[in-house]
Amino acid sequence: MSNTPSSEKEAILTFENKKYDIKSLPKEVQELIKGMQVADAQLRMHEDTLKVLAVGRQHLIMQLKSKLETINAIN
């Protein structure tokens, strides 16, 4: 699903290779589109959060490795 407006006044929904004028769709369908947009935004936000967590975890691994280099392992 992509919302690709060709001008500021025209909002077009492209869904399954078909185009729809969003303003002419029933309110219920417009609300579904808004819900999808919110879900997409939330997914992007959480994907970014996961990336930040992965970078932080990698940094912690590097710190742990550095600290353990001076400690004798038990095996």
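What you are looking at is a predicted structure, and each value in this text was computed from that prediction instead of being measured.

### With respect to the overall build of the protein chain
Okay, so step 1: Looking only at helices and strands, the protein chain features one helix and three strands.
Okay, so step 2: Reading the secondary structure of the protein chain in the N-to-C direction produces β-β-β-α.
Okay, so step 3: Residues classed as buried in the protein chain amount to 9% of the 75 residues present.
Okay, so step 4: Total accessible area computed for the protein chain in this model is approximately 7,000 Å², and 60% of it derives from carbon and sulfur atoms.

### Comments concerning the pairing of strand β2 (residues 12–15)
Looking along a regular strand, one sees side chains alternate from face to face of the sheet.
Okay, so step 1: In this sheet, strand β3 (residues 18–21) lies alongside β2 in antiparallel orientation, the contact comprising four bridges. Bridged to Phe 15 within β3 is Lys 18.
Okay, so step 2: Where β2 folds back on β3, the antiparallel hairpin that results is connected by two residues, among which Glu 16 adopts a positive phi of roughly 50°.

### Section: the pattern of salt bridges
Okay, so step 1: Counted according to the given criterion, the structure contains one salt bridge.
Okay, so step 2: With a shortest N-O distance of 3.6 Å, Glu 31 and Lys 34 are connected by a salt bridge. Taken together, the residues Glu 31 and Lys 34, both in helix α1 (residues 27–68) and three residues apart, mark about one turn of the helix.
Okay, so step 3: According to the relative accessible area criterion, Lys 34 is partly exposed, its value standing at 45%.

### Description of a nonpolar patch on the surface
Okay, so step 1: Together, Leu 64, Leu 68 and Ile 71 make up a nonpolar patch on the protein surface, roughly 300 Å² of accessible area in all.
Okay, so step 2: Here Ile 71 shows up in the segment after α1.
Okay, so step 3: What makes Ile 71 exposed here is its relative accessible area of 53%.

What counts and how
- Residues numbered from 1 in each chain as written.
- Predicted model: local features only at pLDDT ≥ 70, side-chain atom pairs only at ≥ 80, totals over all residues.
- Heavy atoms only, no water.
- Helix = DSSP H or I, 4+ residues; strand = E, 2+ residues; numbered from the N terminus.
- Buried < 20%, exposed > 50% of the residue type's maximum accessible area, 1.4 Å probe, protein only.
- Areas by Shrake-Rupley, 256 points an atom, 1.4 Å probe, with all protein chains shown as cover.
- Pairing = 2+ DSSP bridges.
- Salt bridge = Lys/Arg side-chain N within 4 Å of Asp/Glu carboxyl O.
- Patch = residues over 30% accessible without salt bridge, like charges linked within 9 Å, V, L, I, M, F, W, Y side chains within 5 Å.

Honestly, it's all geometry; don't read function into it.
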